[in-house]
Amino acid sequence: IKTDFDLIVTFDWHSYTRVLLPSTYSRSVCGLCGDADGDPQNDFALPDGRSATNENQFTDSWKVADVPGCSAGCTEDCKVCTEAEKRAYRGDKHCGVLVKKQGPFATCHGAIDPAPYFADCLFDACLYKGHQETVCRAISAYVAACQSQGIGIRQWRTAAFCSPVCPPDQHYELCGPACPATCRGQAEDEGCDESAPCTEGCFCNEGFLQSGDSCVPLARCGCLHDGRYYQQGEEFFSCPRCSERCTCKGNGEVECEAAGCGAGEACAVRDGVRGCYPGTCGRCEVLGAVSFRTFDGRPVRFAGSCSYTLAAAEGADPEENLVPFVVRVQRDQDRMEPLMQQLLVTVHGVTVSMGRGERWEVKVDGEQHLLPLALAGGAVTVTQEGAHRVLRVRGGPGLLYDGASYAVLTLPGTYRHRTGGLCGDFDGDAANDATEPGSDWGADGEGCTHSLQLAPCPPDEPGLCTLLEDPAGPFGGCHRAVAPGQHAAACVQEGCGRVGDAALCSSLQAYAAACQAAGGELREWREAAQCPLPCPPDSHYEVCTRTCDRTCASLSGGTHCTGKCFEGCQCNEGFVFNGGECVPPDSCGC
């Protein structure tokens, strides 16, 4: 990003950010980057001008928002590498290449001191146990600084060290053009400075042009409309009221037609995309072995042991842009009160299966995959969020499953009147939702039955289910997000005729998941209810954690996390999730 007053901000999409300011801003700025007065000793200044006593106080003072599941930093028993521990990463196989006198960066040493970059590299390498991607990004920061000054460096990447990986139709260059050929540049001047120094990175192959994040032949370039570039085939709303929908066709042509948002929708910008978004969404819940709640809020009690269609929708009208899908639940036939054995979601040509009792894995068309996972070009994502697996479909359904007896299926308002299955027709009328199996439920399975009798339930023995409705209890902060009534009733029903605390713990866990998924404030409840959550070695339980962000996959690239925190197991300091186990970063795979 560059402004007309010469502010320049760069970001490498991972961890390296650089802010360049004209000298006229000296002593006129503040924040994490300091006051730009040339004196690094006074940079740890608080907003009130006082000096911070440590890094955590300094960084926390400039915090602009709280993110659930994230903390200001380590406060107790912080991992600090000793000089002896850092020594292992001083060699050429790690950070040593930065300061090597005859190394690839020697020509830059006189202009830019490599010592701070070397120290940062050692800090990161030691903290992440030498994880190569972490080392490569630390070195890349020095490469960017040198090249920004027009200083040439020698090739530093090899097949065995920081080997570059580029997307299709692209290749790596150590010193590529600052203004590579783009589709947009064929239609108008992009204002790029052709005399700017070269940069390393991935560049389009011969005969291809940059189109967004991909490289395409000239014939597949997109369109320029009102100063913005759109890729070929991309649909967009061209005005703030969503009254006109446009499509980028071939040959740079844009076709537009009158449009508008439907009932219950609002024109808004979400995740950087303007569109018609539902003001409310439908929620269908599996509350336990025998308890369900339809999209329209009708409670359903039955103990069938077949495989059922929870919800399904067909995208019959192309004008509505509905994503067709089917969600099925397979029930256990060997229990008196059958539980879910697996949930199957068929969408965008793939079937994702979530099995009972599993974490950090799903099956895609029968093949096992570790999480996180992106399918259908990113249109379908599956992540592990705390103790739950979450599947999301762009513009379509969302599904959370706790791996036991609770699942919640959400749908945008555009699916109203368009669904079938156990979850109902999502028309706002609970009275017309079926409470017994019929053809709409798509039941199948040899030897299964629909008519297992529910155990009689004494109404005067709610037990610890009352925790759910206690405004002063651990679930009190959830009531504004999810009304506890149906969950409390289901909790009582689920515990009828069952010995032990398993049913109770499952019901309380179900409400905890519903609460956090809806943005409620959950407090620690497992100790009072005696429902411990077992965690793998080198991990611990947290009531609000972001497991999806702390994985081997997140070290190497972006993940598709929900941004919410959920209760679950979190790896201890110095470990990250590799599937369902916690490992040091140097034990991560590829």
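Structure's up top.
On a predicted model such as this, the values are computed, not experimentally measured, just so you know.

## Structural notes on the sheet that holds strand β15 (residues 291-293)
- Pairing within the open sheet is antiparallel, and its 8 strands lie in the order β16-β15-β14-β27-β26-β25-β24-β23. Single-partner strands in this sheet number two, and they are β16 (299-301) and β23 (373-375). Pairwise comparison of adjacent strand axes, ignoring direction, gives a mean angle of 15° for this sheet.
- Judged from the 3 bridges that link them, β15 and β16 form a sheet pairing that is antiparallel. When the sheet's bridge partners are listed, Ser291 is paired in β16 with Arg301.

## Overview of the pairing of strand β27 (residues 407-412)
- Counting buried positions along β27 yields 5 of 6 residues, so the element is predominantly enclosed.
- Pairing analysis gives 6 bridges linking strand β14 (residues 281-286) to β27, with the strands arranged antiparallel. Across the sheet, the residue bridging to Glu285 is Val408, located in β27.
- If you look at the hairpin formed by strand β26 (residues 398-401) and β27, you'll find 5 residues sitting between the two strands, and Gly403 has a positive phi there, around 80°.

## Quick look at the sheet that holds strand β10 (residues 244-248)
- The 3 strands lie next to each other as β9-β10-β11, forming an open sheet whose pairing is antiparallel. In the strand order of this sheet, the two ends are held by β9 (235-237) and β11 (254-258), each with one partner. Strand after strand, the sheet turns through a mean of 25° between neighbouring axes, direction not considered.
- In this sheet, β11 lies alongside β10 in antiparallel orientation, the contact comprising 5 bridges. Each bridged residue has a counterpart across the sheet, and for Glu244 the counterpart in β11 is Ala258.

## With respect to the pattern of salt bridges
- Tallied over the full model, the rule gives 14 salt bridges.
- Across the salt bridge formed by Lys100 and Asp92, the nearest N and O atoms sit 3.0 Å from each other.
- You can call Lys100 partly exposed: its relative accessible area is 39%.
- Residues Glu200 and Arg157 are paired through a salt bridge, measuring 3.2 Å at the closest nitrogen-oxygen approach. Taken together, the positions of Glu200 in strand β4 (residues 199-204) and Arg157 in the loop between α5 (132-148) and β3 (170-176) put the pair 43 residues apart, joining distant regions of the chain.
- Overlapping salt bridges, with partners in common, bring together Glu83, Lys86 and Arg90 in one network.

## A few points about the packing of helix α4 (residues 115-127) against α5
- Across the interface, α4 lies against α5 with an axial gap of 8 Å and an inter-helix angle of 165°. Considering the angle they form, α4 stands roughly antiparallel to α5. Between α4 and α5 the crossing geometry is right-handed. In contact with Tyr117, Cys121, Asp124 and Ala125 of α4, α5 contributes Thr134, Val135, Ala138, Ile139, Ala141, Tyr142 and Ala145.
- Across the contact of α4 with α5, the residue classes break down as 9 nonpolar, 1 polar and 1 charged.

## Looking at the pairing of strand β21 (residues 361-364)
- Alternating residues of β21 divide into Val362 and Val364, all buried, and Glu361 and Lys363, none buried.
- Bridging between strand β20 (residues 350-355) and β21 involves 2 bridges; their strand directions are antiparallel. Residue Ser353 lies in a different strand from β21, and its bridge partner there is Lys363.
- The hairpin turn running from β20 into β21, its antiparallel successor, is 5 residues long, and Gly357 in that turn takes a positive phi close to 75°.
- Judged from the 4 bridges that link them, β21 and strand β22 (residues 367-370) form a sheet pairing that is antiparallel. Following the sheet pairing, Val364 is matched in β22 by Glu367.
- Here β21 folds back onto β22, and the loop between the two strands holds 2 residues, one of which, Asp365, carries a positive phi near 50°.

## Describing α5
- If you check α5, its first and last C-alpha atoms are 24 Å apart, about what 17 residues at 1.5 Å a residue would give, namely 24 Å.
- Counting buried positions along α5 yields 13 of 17 residues, so the element is predominantly enclosed.
- Looking one or two residues past α5, Gly150 carries a phi angle of roughly 75°, positive in sign.

## Re the state of the cysteines
- All chains considered together, the criterion is met by 22 disulfides.
- Disulfide pairing places Cys175 opposite Cys198 at an S-S distance of 1.8 Å. On the S-S bond that ties Cys175 to Cys198, the torsion sits near -100°, and the link is left-handed. With Cys175 in strand β3 and Cys198 in the loop between β3 and β4, this pair connects stretches of sequence that are 23 residues apart.
- We classify Cys175 as partly exposed; its relative accessible area is 47%.
- For Cys198, a relative accessible area of 22% gives the class partly exposed.
- Note on cysteine connectivity: Cys179 is disulfide-linked to Cys192, with sulfurs 1.8 Å apart.

Conventions adopted
- Numbers given for residues are sequential positions, taken from 1 along each chain in its written order.
- In view of the model being predicted, local features appear only for residues whose pLDDT reaches at least 70, and side-chain atom pairs are presented and counted only at 80 or more, with totals across whole chains, interfaces and linings using the full set of residues.
- Based on all heavy atoms of the structure, the side-chain values leave hydrogens and waters out of the count.
- Here the rule is simple: two strands pair whenever DSSP picks up at least two bridges between them.
- Runs of H or I in DSSP of at least four residues are treated as helices and runs of E of at least two as strands, each being numbered from the N terminus.
- In this description, a line fitted to the C-alpha atoms serves as the axis of each element, helices being fitted only across the stretch in contact, and the angle between N-to-C directions of two axes falls anywhere from 0 to 180 degrees.
- For each residue, the accessible area found with a 1.4 Å probe, counting protein chains only, is set against the maximum for its type, and the residue is called buried under 20%, exposed over 50%, and partly exposed in between.
- Salt bridges, as used here, are contacts in which a Lys or Arg side-chain nitrogen is within 4 Å of a carboxyl oxygen on Asp or Glu.
- The labels follow the angle: roughly parallel below 35 degrees, roughly antiparallel above 145, roughly perpendicular from 65 to 115, and oblique for the rest.
- Handedness of each helix crossing follows the sense of rotation of the near helix against the far helix: counterclockwise by less than a right angle gives left-handed, clockwise gives right-handed.
- The criterion used for residue contact is that any of the two residues' heavy atoms lie within 4.5 Å.
- Lys, Arg, Asp and Glu make up the charged group, whereas Ala, Val, Leu, Ile, Met, Phe, Trp, Tyr, Cys and Pro make up the nonpolar group; the residues left over, Gly among them, are polar.
- For a helix, the expected span equals 1.5 Å multiplied by the number of residues minus one.
- Two cysteine sulfurs form what is called a disulfide whenever their separation falls within 2.5 Å.

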